[in-house]
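Observations on the model geometry
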Amino acid sequence: MIQLIRGFKDVLPGEVELWQAIEKTAISVFDDFGFKEIRIPIIEKTELFSRSIGDNTDIVEKEMYTFSDRKGDLITLRPEATASVVRSYIQHKLYTSDPVQKFYTIGPMFRRERPQQGRYRQFYQINAEIFGIDSPLADVQLIFLLVTLFSRLAVPDVETHINSLGCPICRPGFKQALIDFLSKTKVKLCSDCIRRSKQNPLRVLDCKVPSCREAMAQTPSLLDFLCYECVRDFKILTDSLEHLNISFIIDKRLVRGLDYYTRATFEIQTGFLGAQSAVAGGGRYDGLVEALGGPDLPATGFAIGLDRLTEISDLQIDDYHKTPQIFIAALGQKSKGKAFEWVCSLNKTGIRAEMDFGEKSLKSQMKRANKLGASHVLIVGEKELTEGSAVLRDMMTKKQVFISTDAVIENVSRKLGALPL
RNA sequence: GUGGGUGUAGCUCAGGUGGUAGAGCACCGGGUUGUGGCCCCGGUUGUCGAGGGUUCAAGUCCCUUCACUCACCCCA
C-alpha cells in the first residue's frame, strides 16, 4: 500500500465540511472589509523566498522544499504567501491605478519540519495583505478583522498579543543594546541562544528555555528604544484597539521569525493546540516591497493557520452535513432503469436523490436509505410501474402516500419543497 | 535535526513467564417471500507496521528499519 507523505494529510468528507464553512465565513468577512481575492502559484523561484524571508532564518536555511526543475532552475514550494503576493503586486504594477490594495488568498504552504499537533509539512493559510497604507490603523483593521472572523467562527478563548519591532531608524540602537546585554549574560543562556545572540539577537527574546527566560527578564525593552514615529504609531495602535474594545496583551517577546517585519507585530494565541499557541500572526513589513524591486510603499498583513483553526473552532460540522432528500428503492430491472432516470432528473433540478445500483432486497435498500439519512423513500416495483403510482414514504413519520409515476419529478419536488429540509 | 510514547480486523482495543489470533463496534445476510432505526441469529475481515535473528515453535524475546504521535527547535 502506498501511504501519503510524512507530515501531509488527507481532509476527508466529514471534516471537509468544516473547512468549507470556515473558508466561506472568511471569504464573506473579507468581502465585508473590502479585501479582494488574489490567486498566486504555489511554486516560485527560490530567490524570492531567500530574499524576502531572510537567508539566515530557519525557514530558508532548513525547511524549504527546494528542487531544480528539468532545466536546472531552482524552484521552491512556497513556505508562506506574502512574498508571492508582494511579487505579484510589483510585477503587475498594481500600485499604479491605486497604491492602496487589500488582498486575501487561501491555500497550502510547505515547510519540512518535524510534524506534531497543529503542524504539518503541507499546511493551509488564510492570508491578508494591505498595501500602501502607512497608518497603524491598517494594522488595527487587520486585528479587528481577525477578531471578527474568530468570533463568527465561534473560536473560544483567544488572546491578542501585540508588540512593536521598531523601524530601520531605531532598531539598530536596540539591537546593539541587546548585544551588549547578551555578551554579559551569555553564561546563563542555552546553546541555541548563544548561537542566536550572534546571528539574530532578537530571536533570543522569545526563547522558551526557562533559564533564558529568567535571564531575559532584565533585558532592555525594545519599546524603550523606539523612535518618535514608532512610539506615536504604537500609541495609535493601542488606543484604537481600546476604542474598539479589543483586549490585548503587550508582549515584548513577540518577535516573529521572518526578517521583513517592522513596527507592529501581532499574534492571536490559544491554549488549545498543545505546544502550538499561534493561530494567526502578522505585522507590518514596510521595507519589503522596495526590497523586492518595487516602489517604496508600506505594507502590512497576517496569516491564519487554517489547519489550526479547524482544530479549535466550535462550529458543529453536523450542521453542514447534507443528507439525501429522497432515496429511490427500486425492485426489478425495469424499475431500476426508471429509478435511475428519476434520480438523474431530481439531481438535475437540485434535489439530493440517491438509489441502490445493485440487486438488493427492499429491506436492505431501506437499511441503506436509513443509513444515508434520507428523509423520504420512493418505493417502486413492477406493481407500481404497471399501476402508475409509486409509494412515497416519510422516514420520520412512517407515513406513506401514493404518487403518480407520470409526473414523479414534479410531484416529488412539490412534496419535498413544502418541507423544511 | 534531537528525545519520549505507540504500532494486533475498517474503528477502539484485549492477548502474565514464547505454543500457530480475540472482543466490542462497523459491515454483509437472515428472522419479516416488498418496508429502515430496537432486538435476536449467523457470517466476512488480519502478510499481529516491515526486514532480519534466537528457538522445535515468535504477536510475545533480540537487532534493524519505517510510520504515527507528543515534546524540543521554529512557526500559522
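Everything below is about the structure shown above.
Computed from a predicted model, the values in this text were never measured in an experiment.

**A look at the pairing of strand β5 (residues 101-110)**
Among the ten residues that make up β5, nine are buried, leaving the element largely enclosed by the rest of the structure. Sheet topology places strand β1 (residues 36-37) next to β5; two bridges connect them, and they run parallel. From the neighbouring strand, Glu37 faces β5, where its bridge partner is Tyr104. Note: β5 against strand β6 (residues 122-131), ten bridges, orientation antiparallel. In the strand pairing of β6, Phe110 is matched with Gln122.

**Points about helix α6 (residues 171-185)**
With 15 residues, α6 extends 21 Å from end C-alpha to end C-alpha; this agrees with the ideal 21 Å at 1.5 Å per step. Taken residue by residue, α6 has Arg171, Phe174, Ala177, Leu178, Phe181, Leu182 and Thr185 as its buried positions. Relative to the axis of α6, the buried residues are bounded by an arc of 135° and lie together on one face.

**Describing the side chain of Glu384**
Mapped onto the fold, Glu384 is located in helix α15 (residues 382-387). Polar contacts involving the side chain of Glu384 include one to the main-chain amide nitrogen of Gly381, which spans 2.9 Å. Every residue in contact with Glu384, bar those within four places of it in the chain, is listed here: Ile379, Ser389, Ala390, Val391 and Thr405.

**Describing the pairing of strand β7 (residues 158-164)**
Within β7, five of the seven residues are buried, leaving the element largely enclosed by the surrounding structure. Two elements, β7 and strand β8 (residues 249-250), share two bridges in a ladder whose sense is parallel. Note on β8: the bridge partner recorded for Ile162 is Ile250.

**Some details on the packing of aromatic side chains**
For the structure on display, the rule yields 14 aromatic pairs. Consider the rings of Trp19 and Tyr124, whose centres lie 5.3 Å apart with planes at 85°: the pair is edge-to-face. In this pair, Trp19 sits in helix α1 (residues 16-32) while Tyr124 sits in strand β6, placing the two residues 105 residues apart along the sequence. On the accessibility criterion, Tyr124 (25% relative accessible area) is partly exposed. Consider the rings of Phe30 and Phe35, whose centres lie 5.5 Å apart with planes at 55°: the pair is tilted. The buried category is assigned to Phe30, whose relative accessible area is 1%.

**As for the sheet that holds β5**
Ordered by their spatial adjacency, eight strands build an open sheet running β1-β5-β6-β11-β10-β9-β7-β8, and the pairing between neighbours is mixed. One side of each edge strand has no neighbouring strand; the edge strands of this open sheet are β1 and β8. Where helix α10 (residues 228-243) meets the sheet, its contacts fall on β7, β8 and β9 (262-270), and the angle it forms with β7 comes to roughly 160°.

**A word on the pattern of salt bridges**
Here the structure, examined in full by the defined rule, presents 13 salt bridges. A salt bridge links Glu37 to Arg39; the shortest N-O distance between them is 2.9 Å. Glu37 sits in the partly exposed class, given a relative accessible area of 35%. Assessed through its relative accessible area of 70%, Arg39 is described here as exposed.

**A word on the sheet that holds strand β2 (residues 43-45)**
Spatially, three strands are ordered β2-β4-β3 in an open sheet, and the strand pairing comes out antiparallel. A single partner strand is all that each edge strand has here, and the edge strands are β2 and β3 (65-68). This sheet shows a mean twist of 35° between the axes of neighbouring strands, independent of strand direction. Sheet analysis places β2 next to strand β4 (residues 74-77), joined by three bridges and oriented antiparallel. By the bridge assignment for β4, Ile43 is matched with Leu77. Most of the contacts of helix α2 (residues 46-53) go to β2, to which it runs at about 75°, and overall it touches β2, β3 and β4.

About the thresholds
Residues numbered from 1 in each chain as written. Chains lettered and ligands numbered in written order. Predicted model: local features only at pLDDT ≥ 70, side-chain atom pairs only at ≥ 80, totals over all residues. Heavy atoms only, no water. Buried < 20%, exposed > 50% of the residue type's maximum accessible area, 1.4 Å probe, protein only. Helix = DSSP H or I, 4+ residues; strand = E, 2+ residues; numbered from the N terminus. Pairing = 2+ DSSP bridges. Expected span 1.5 Å × (residues − 1). Arc of directions from axis to C-beta. Polar contact = N/O pair within 3.5 Å; in protein donor to acceptor, adjacent residues only side chain to side chain. Contact = heavy atoms within 4.5 Å. Phe/Tyr/Trp six-rings, centres within 6.5 Å; stacked < 30°, edge-to-face > 60°. Axes fitted to C-alpha atoms, helices over the stretch in contact; angles between N-to-C directions. Salt bridge = Lys/Arg side-chain N within 4 Å of Asp/Glu carboxyl O.

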